[in-house]
Amino acid sequence: LGWNERLVACNPKQNERQIVLISIYIPKKMKETQLITLDKTYLKEKFVEYNQLYFNNSLPKVPIFSIVNTPHLAGQYCARWGKKNGVLQIIRHEIQIDENILWTEEKLRSVLVHEMIHYYVETKKKKPKRDGDFQHWGLFWVMKTKLNWKYNLHIKNRATESQFRGRLQCKLQFKSTP
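All of the points below concern the structure found in this document. Everything numeric here is computed off the predicted structure, so don't read it as measured data.

## Here's the deal with the packing of aromatic side chains
Counted according to the given criterion, the structure contains six aromatic pairs. Measuring from ring centre to ring centre gives 6.2 Å for phenylalanine 47 and phenylalanine 65, while their planes differ by 70°; the resulting arrangement is edge-to-face. Residue phenylalanine 47 is found in helix 1 (residues 40-55), and its partner phenylalanine 65 is found in strand 3 (residues 64-68); the two are separated by 18 residues along the sequence. We classify phenylalanine 65 as buried; its relative accessible area is 2%. Residues phenylalanine 55 and tyrosine 120 carry aromatic rings whose centres are separated by 6.1 Å and whose planes lie at 40° to one another, so their mutual orientation is tilted. Here phenylalanine 55 is found in helix 1, whereas its partner tyrosine 120 is found in helix 2 (residues 105-123), with 65 residues between them in sequence. Among the aromatic residues, those joined into a cluster by ring pairs are Phe47, Phe65, Tyr77 and Tyr119.

So, in structure tokens, the structure goes:
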């Protein structure tokens, strides 16, 4: 496939028309692959589906989803702890998914279920640990291993180079026309 060019016209100013040429690199390996366009509704639907399939609906509620630009992460789970009615508990769950990856169903499932395991582990804690303390051992490792073996999901501890080979690479060229 190689560089795939798409022409996008926009109107940044009233008297000036700007044409943006976006070149997207799609690896040859992904030639026959169906790519997914991410949006929050789609992510929520997948969360509900995966919660039922892989977690027996044990995750209490659909988290907030953010589609973000994170150069070195495919996904990230965040939990915010606080007091509600005087009880220390998680008051916000968020899963962030990188917008710059060329997402396939398999890749999204692997990353989203990885983040859902972090969510599951966090809901089992009685109190928060320091920020960023989402380890890939203990209960996380047990859940990951069980799901990989039972459902053949290919969940990894960290995103691999092959996941980032499908990262969206854009070249933008701006041309002003009268």
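## Looking at the sheet that holds strand 3
An order of 3-5-4 is seen for the three strands of this open sheet, with the pairing classed as mixed. Strands with a single pairing partner mark the edges of an open sheet, and in this sheet they are strand 3 and strand 4 (75-84). Mean inter-strand twist for the sheet, computed between neighbouring axes without regard to direction, equals 25°. With 10 bridges joining them, strand 4 and strand 5 (residues 87-98) adopt antiparallel strand pairing. Each bridged residue has a counterpart across the sheet, and for glycine 75 the counterpart in strand 5 is isoleucine 97. Running at roughly 130° to strand 3, helix 1 makes contact with strand 3 and strand 5 of the sheet.

## A look at the packing of helix 1 against helix 2
Running from N to C, helix 1 and helix 2 cross one another at 70°; their axes reach a closest spacing of 10 Å. Comparing their axes, helix 2 and helix 1 come out roughly perpendicular. For the pair helix 1 and helix 2, the sense of crossing is right-handed. For the pair helix 1 and helix 2, contact is made by Tyr42, Leu43, Lys46, Phe47, Tyr50, Asn51, Tyr54 and Phe55 and by Glu105, Leu108, Arg109, Leu112, Val113, Met116, Ile117, Tyr119 and Tyr120, respectively. When the residues that make up the contact of helix 1 with helix 2 are grouped by side-chain class, the tally is 13 nonpolar, one polar and three charged.

## Brief notes about the packing of helix 2 against helix 3 (residues 139-151)
Pairs of packed helices are described in terms of their axes, by the angle between the two and the distance that separates them. Between helix 2 and helix 3, the shortest axis-to-axis distance is 9 Å and the interhelical angle comes to 140°. Compared by their axis directions, helix 2 and helix 3 come out oblique. In terms of crossing hand, the pair formed by helix 2 and helix 3 is right-handed. Counted together, Val113, His114, Ile117, His118, Tyr120 and Val121 of helix 2 and Leu139, Phe140, Met143, Lys144 and Leu147 of helix 3 form the full contact between these two elements. Per-class residue counts for the contact of helix 2 with helix 3 are eight nonpolar, two polar and one charged.

Here is what the cut-offs are and how they apply
Residues numbered from 1 in each chain as written. Predicted model: local features only at pLDDT ≥ 70, side-chain atom pairs only at ≥ 80, totals over all residues. Heavy atoms only, no water. Phe/Tyr/Trp six-rings, centres within 6.5 Å; stacked < 30°, edge-to-face > 60°. Helix = DSSP H or I, 4+ residues; strand = E, 2+ residues; numbered from the N terminus. Buried < 20%, exposed > 50% of the residue type's maximum accessible area, 1.4 Å probe, protein only. Pairing = 2+ DSSP bridges. Axes fitted to C-alpha atoms, helices over the stretch in contact; angles between N-to-C directions. Contact = heavy atoms within 4.5 Å. Parallel < 35°, antiparallel > 145°, perpendicular 65-115°, else oblique. Left-handed = near helix turned anticlockwise from the far one by under 90°. Nonpolar A, V, L, I, M, F, W, Y, C, P; charged D, E, K, R; others polar.

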